[in-house]
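Each chain, letter by letter, is given below.
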Amino acid sequence: MSRRALRRLRGEQRGQEPLGPGALQFDLRDDDDAEEEGPKRGSGGGRPGCAGKEGVRVNNRFELINIEDLEDDPVVNGERSDCPRTDAAAPGSKARAPRGNAGTKMDADAATAAPPEQSNASGKLRKKKKKQKNKKNSTGETSENGLEDIDRILERIEDSGGLNHPGPAPLSARKHVLYVEHRHLNPDTELKRYFGARAVLGEQVLLQTSPYHVDSLLQLSDACRFQEDQEMARDLVERALYSMECAFHPLFSLTSGACRLDYRRPENRSFYLALYKQMSFLEKRGCPRTALEYCKLILSLEPDEDPLCMLLLVDHLALRARNYEYLIRLFQEWEGHRNLSQLPNFAFSVPLAYFLLSQQTDLPEQELGSAREKASLLIRQALTMFPGVLMPLLEYCSVRPDATVASHRFFGPNAEISQPPALSQLVSLYLGRSHFLWKEPATMSWLEENVRQVLQAVDAGDPAVEACESRRKVLYQRAPRNIHRHVILSEIKEAVAALPPDVTTQSVMGFDPLPPLDTIYSYVRPERISPVSRGNTIALFFRSLLPNYTAEGERAEDGVLGGPNRNQGLNRLMLAVRDMMANFHLNDLEAPREDDAEAEGEWD
């Protein structure tokens, strides 16, 4: 029997006890009983056994049963269980009884043992109880207390199959088809599952143990850039520049243009590459003038050798920064000893600078006319020297050439095919980088005008045409190593595709692309000589006992293996052996006796 049923039965027994004038009274009357009863019952004082507590008038006795289930200290028939009870179960009565007939049996026993003055009250209580049960059964309730029994709730769940029949969750309990799993949003979680936590944490790597290792910073910057994390890539390059700036000599000036750094030394290459990458970031951010200053800085560190071939880029940055005067001045001062006109980028950028300068309205009319004439003269020379530039340039600019130009043998497809591979590489580099500078309508009209004049000179048999053709065959046989290095750093697809196979087949490191063949090493690690090849194992063992033993063995001095130190080593070896033998003593050991068999057995 459940705990609630026992309380209910005990409450009925207590309800049959004689009620004093101050006892707890229950108003169990319905409308009909109230009319028959007549006099009203007053509220009493304290009840027997619990003095000092006021009586409580309760309209429904079962309300207290519902409340006592929710309280830690239950209340039965209006009284708390901590109060001393005046009624007790009869000796020998059973504590529990079957649920079905327990209530009926106890009611009968209580009615028999009740005194005469309680007969009317108990009869009314049973009458009210029956009425209440009939009302609850009519409404379909399964519990007489208003709350379902825990056992019945569990039985209902088991009957529904929720515990005994596992299966797919109902549609209402399933997650939405577009529900996002938060724990799977972190890519490191998946990488740890594939490769382990150590492999993933190892990349975070390196920046904590060596935060200013320049080559590592440059390599990680490229990795971040490939992953389109431009902000992190710029931060790593700036960190590398800062670490190298801290090592500058007080007299080393970056802005004077007179300080030099030899690129053949590996210690200096990281500074070149860091400056180049910083310049590239500045250009992509729309700061061509600042990038031009970085380009000039790199060129000033070694202008004669130009290890990164910045002459292939300085003209482009000057045009983007609209610093036409600087480009013209550089061409005028360096053309005599550097032959800048032999580079396709300078051959076309300098006349374009003159033409754009002639379009400015703040200059005198005479200077504008002179700049226009100079631009036309230089562009005709460039078209004569590099005829294979015109058709790809028009294709880049989405301009359809004239039928006369497209079908002419000088500017036709043969001009691009017949040029040497090294020249094709320079042309691809220039067009891939600076073709958009020619898209202006005024620039195209000026270019078309000069193309027609070149065709007239070619048809007229101008000797300059043959001179330029022979010069192209001689000058552009093979590009030097610094041009290949520049093409790799530029990452222009057309130019990279034109690299020779001997460059593309070798491994290229981002922190040192194509190192010079005449590298100057500031320090050389000494060659290690294996001592095993010069002696047997026993000699090696005795040599290892010496305090001055080294794994590299003796060095060859004065042209003889061992030199004068060889005899000294042998003498030290002999002294060491003698000392070892002098200190070595044999202890007297007792021979085992025959009669000591038990001891031997123990050791065995």
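About the criteria used
Residues numbered from 1 in each chain as written. Predicted model: local features only at pLDDT ≥ 70, side-chain atom pairs only at ≥ 80, totals over all residues. Heavy atoms only, no water. Helix = DSSP H or I, 4+ residues; strand = E, 2+ residues; numbered from the N terminus. Buried < 20%, exposed > 50% of the residue type's maximum accessible area, 1.4 Å probe, protein only. Contact = heavy atoms within 4.5 Å. Areas by Shrake-Rupley, 256 points an atom, 1.4 Å probe, with all protein chains shown as cover. Expected span 1.5 Å × (residues − 1). Axes fitted to C-alpha atoms, helices over the stretch in contact; angles between N-to-C directions. Parallel < 35°, antiparallel > 145°, perpendicular 65-115°, else oblique. Left-handed = near helix turned anticlockwise from the far one by under 90°. Nonpolar A, V, L, I, M, F, W, Y, C, P; charged D, E, K, R; others polar. Core = buried A, V, L, I, M, F, W, Y, C linked by side-chain atoms within 4.5 Å. Domains from an automatic or database assignment. Salt bridge = Lys/Arg side-chain N within 4 Å of Asp/Glu carboxyl O. Phe/Tyr/Trp six-rings, centres within 6.5 Å; stacked < 30°, edge-to-face > 60°. Lys NZ or Arg CZ within 6 Å of the ring centre and 35° of its normal. Polar contact = N/O pair within 3.5 Å; in protein donor to acceptor, adjacent residues only side chain to side chain. pLDDT = per-residue confidence, 0-100. Lys, Arg positive; Asp, Glu negative; His and termini not counted.

*Asks:* How should the overall build of the protein be read in this particular structure?
*Replies:* Helix and strand content of the protein: 29 helices and two strands. Here the protein, with 604 residues, has 36% of them falling under the buried criterion. Here the analysis covers contacts within the protein between residues at least 6 apart in sequence; of these, 70% occur between residues at least 24 apart. As presented, the protein carries roughly 38900 Å² of accessible surface, and 53% of it is formed by carbon and sulfur atoms.

*Asks:* What is the right way to look at the side chain of glutamate 302 in this model?
*Replies:* Relative to the helices and strands, glutamate 302 resides in the loop between helix 13 (288–301) and helix 14 (314–320). If we ignore the near neighbours within four places in the chain, the residues touching glutamate 302 are Arg260, Leu261, Asp262, Tyr263, Tyr272 and Pro307.

*Asks:* I keep staring at unusual backbone geometry and nothing clicks. Help me out?
*Replies:* For residues other than glycine, phi is negative in most cases, and the peptide bonds are mostly trans. Positive phi, close to 65 degrees, is recorded for glutamate 228, a residue that is not glycine. Relative to the elements of secondary structure, glutamate 228 occurs in the loop between helix 10 (214–226) and helix 11 (230–245). For glutamate 228, a relative accessible area of 69% translates into the label exposed.

*Asks:* How do you make sense of helix 21 (residues 421–434) when you look at a structure like this?
*Replies:* Every α-helical turn comprises 3.6 residues, leaving residues that sit three or four positions apart pointing alike. The first and last C-alpha atoms of helix 21 sit 20 Å apart over 14 residues, in line with the 20 Å expected at 1.5 Å per residue. With eleven of 14 residues buried, helix 21 lies mostly within the body of the structure. All buried positions along helix 21 are accounted for by Ala422, Leu423, Ser424, Gln425, Leu426, Val427, Leu429, Tyr430, Leu431, Arg433 and Ser434.

*Asks:* Even after reading the chapter, I still don't get the packing of helix 10 against helix 12 (residues 266–284), so can you show me in this structure?
*Replies:* A packed helix pair is summarised by two numbers, namely the angle formed by the two axes and the spacing between the axes. Between helix 10 and helix 12, the shortest axis-to-axis distance is 10 Å and the interhelical angle comes to 30 degrees. In terms of orientation, helix 10 and helix 12 fall into the roughly parallel class. Remark: the crossing between helix 10 and helix 12 carries left-handed chirality. Residue-level inspection shows Val214, Asp215, Leu218, Ser221, Asp222 and Arg225 of helix 10 in contact with helix 12, the latter providing Ser270, Leu273, Ala274, Lys277, Phe281 and Lys284. Its residues placed into classes, the contact of helix 10 with helix 12 shows five nonpolar, two polar and five charged.

*Asks:* Honestly, helix 17 (residues 365–385) in this entry has me stumped. Any pointers?
*Replies:* A rise of 1.5 Å per residue sets the reference length of helix 17, with its 21 residues, at 30 Å; its end C-alpha atoms lie 31 Å apart and thus fit the reference within 8%. Every buried residue belonging to helix 17 is among Leu368, Ala371, Ala375, Ser376, Leu378, Ile379, Ala382, Leu383, Thr384 and Met385, and all of these are buried.

*Asks:* Mind showing me how you'd approach the nonpolar core here?
*Replies:* Judged by nonpolar contacts, the single largest core of 101 residues is most densely connected at Phe346, Phe348 and Trp438. Among the domains, domain 1 (186–247) and domain 2 (248–505) are the pair contributing at least three residues each to this core. What phenylalanine 348 contacts, discounting residues up to four positions off in sequence, is Ile379, Ala382, Leu383, Phe386, Val389, Tyr430 and Trp438.

*Asks:* Hey, could you run me through the pattern of salt bridges in this one?
*Replies:* Should the charged atoms of two oppositely charged side chains come close, the side chains can pair. A complete count under the given rule lists 15 salt bridges for this structure. Arginine 264 is the partner of aspartate 262 in a salt bridge, and the nearest nitrogen-oxygen pair spans 3.0 Å. Owing to a relative accessible area of 21%, aspartate 262 belongs among the partly exposed residues under this scheme. Judged by relative accessible area, arginine 264 falls into the partly exposed class, the value being 32%. Here arginine 264 ties to aspartate 518 by a salt bridge, and the two come within 3.9 Å at their closest N and O atoms.

*Asks:* Can you walk me through the packing of aromatic side chains in this structure?
*Replies:* Think of a pair of aromatic rings as described by two things: how far the centres are apart, and how the planes are tilted against each other in angle. What the rule picks out here adds up to ten aromatic pairs. Ring plane angle 55 degrees and centroid distance 4.9 Å describe the contact between phenylalanine 248 and phenylalanine 252, whose orientation is recorded as tilted. Phenylalanine 248 gets classed as partly exposed once you look at its relative accessible area, which sits at 26%. Aromatic side chains phenylalanine 386 and tyrosine 476 sit 6.2 Å apart centroid to centroid with 65 degrees between the ring planes, which places their arrangement in the edge-to-face category. Of this pair, phenylalanine 386 sits in the loop between helix 17 and helix 18 (390–396) while tyrosine 476 sits in the loop between helix 23 (463–475) and helix 24 (481–490); the two residues are 90 residues apart in sequence, bridging distant segments of the chain. Through a chain of ring-to-ring contacts, three or more aromatic side chains come together here, namely Phe348, Phe355, Tyr430, Trp438 and Trp446. Here the basic side chain of arginine 269 rests over the ring of tyrosine 263, its NZ or CZ set 5.9 Å away from the ring centre. For the cation-ring pair, lysine 296 lies above tyrosine 326, with the distance from its terminal atom to the ring centre recorded as 4.7 Å.

*Asks:* Help me understand the packing of helix 17 against helix 22 (residues 441–459), please; the structure alone is not making it clear to me.
*Replies:* One can describe the packing of helix 17 onto helix 22 by two numbers: an axis separation of 9 Å at closest approach and a directional angle of 55 degrees. Taken together, the axes of helix 17 and helix 22 lie oblique to each other. Classified by chirality, the crossing of helix 22 by helix 17 is right-handed. Residues Arg372, Ala375, Ser376, Ile379, Arg380, Leu383 and Thr384 of helix 17 form the contact with helix 22, whose own contacting residues are Trp446, Leu447, Glu449, Asn450, Val451, Gln453 and Val454. Among the residues forming the contact of helix 17 with helix 22, the class breakdown is seven nonpolar, four polar and three charged.

*Asks:* Looking at this structure, how should I read the environment of aspartate 459?
*Replies:* As for its position among the elements, aspartate 459 is in helix 22. For the pair aspartate 459 and histidine 408, spaced 51 residues apart in the sequence, the C-alpha separation amounts to 10.0 Å. In terms of polar contacts, aspartate 459 uses its side chain to reach the side chain of histidine 408, at 2.9 Å.

*Asks:* I tried to follow the confidence of the model for the protein on my own but got confused; where do I start?
*Replies:* Overall, the prediction assigns the protein a mean pLDDT of 74, with 57% of residues at 70 or greater. Contacts for the low-pLDDT stretch residues 138–146, under 50 throughout, to residues beyond four places or in other chains number 15 contacts. Across residues 552–564, confidence stays below pLDDT 50; counting only partners more than four residues off in sequence or on other chains, it has 15 contacts.

*Asks:* Just to check I follow, could you spell out the side chain of aspartate 306 for this structure?
*Replies:* Structurally, aspartate 306 can be placed in the loop between helix 13 and helix 14. Comment: no salt bridge for buried aspartate 306; closest opposite-charge side chain is arginine 338, at 4.8 Å. At a separation of 2.9 Å, a polar atom in the side chain of aspartate 306 contacts the main-chain amide nitrogen of methionine 310. When sequence neighbours within four positions are dropped, the list of residues in contact with aspartate 306 reads Leu299, Leu311, Arg338 and Asn482.

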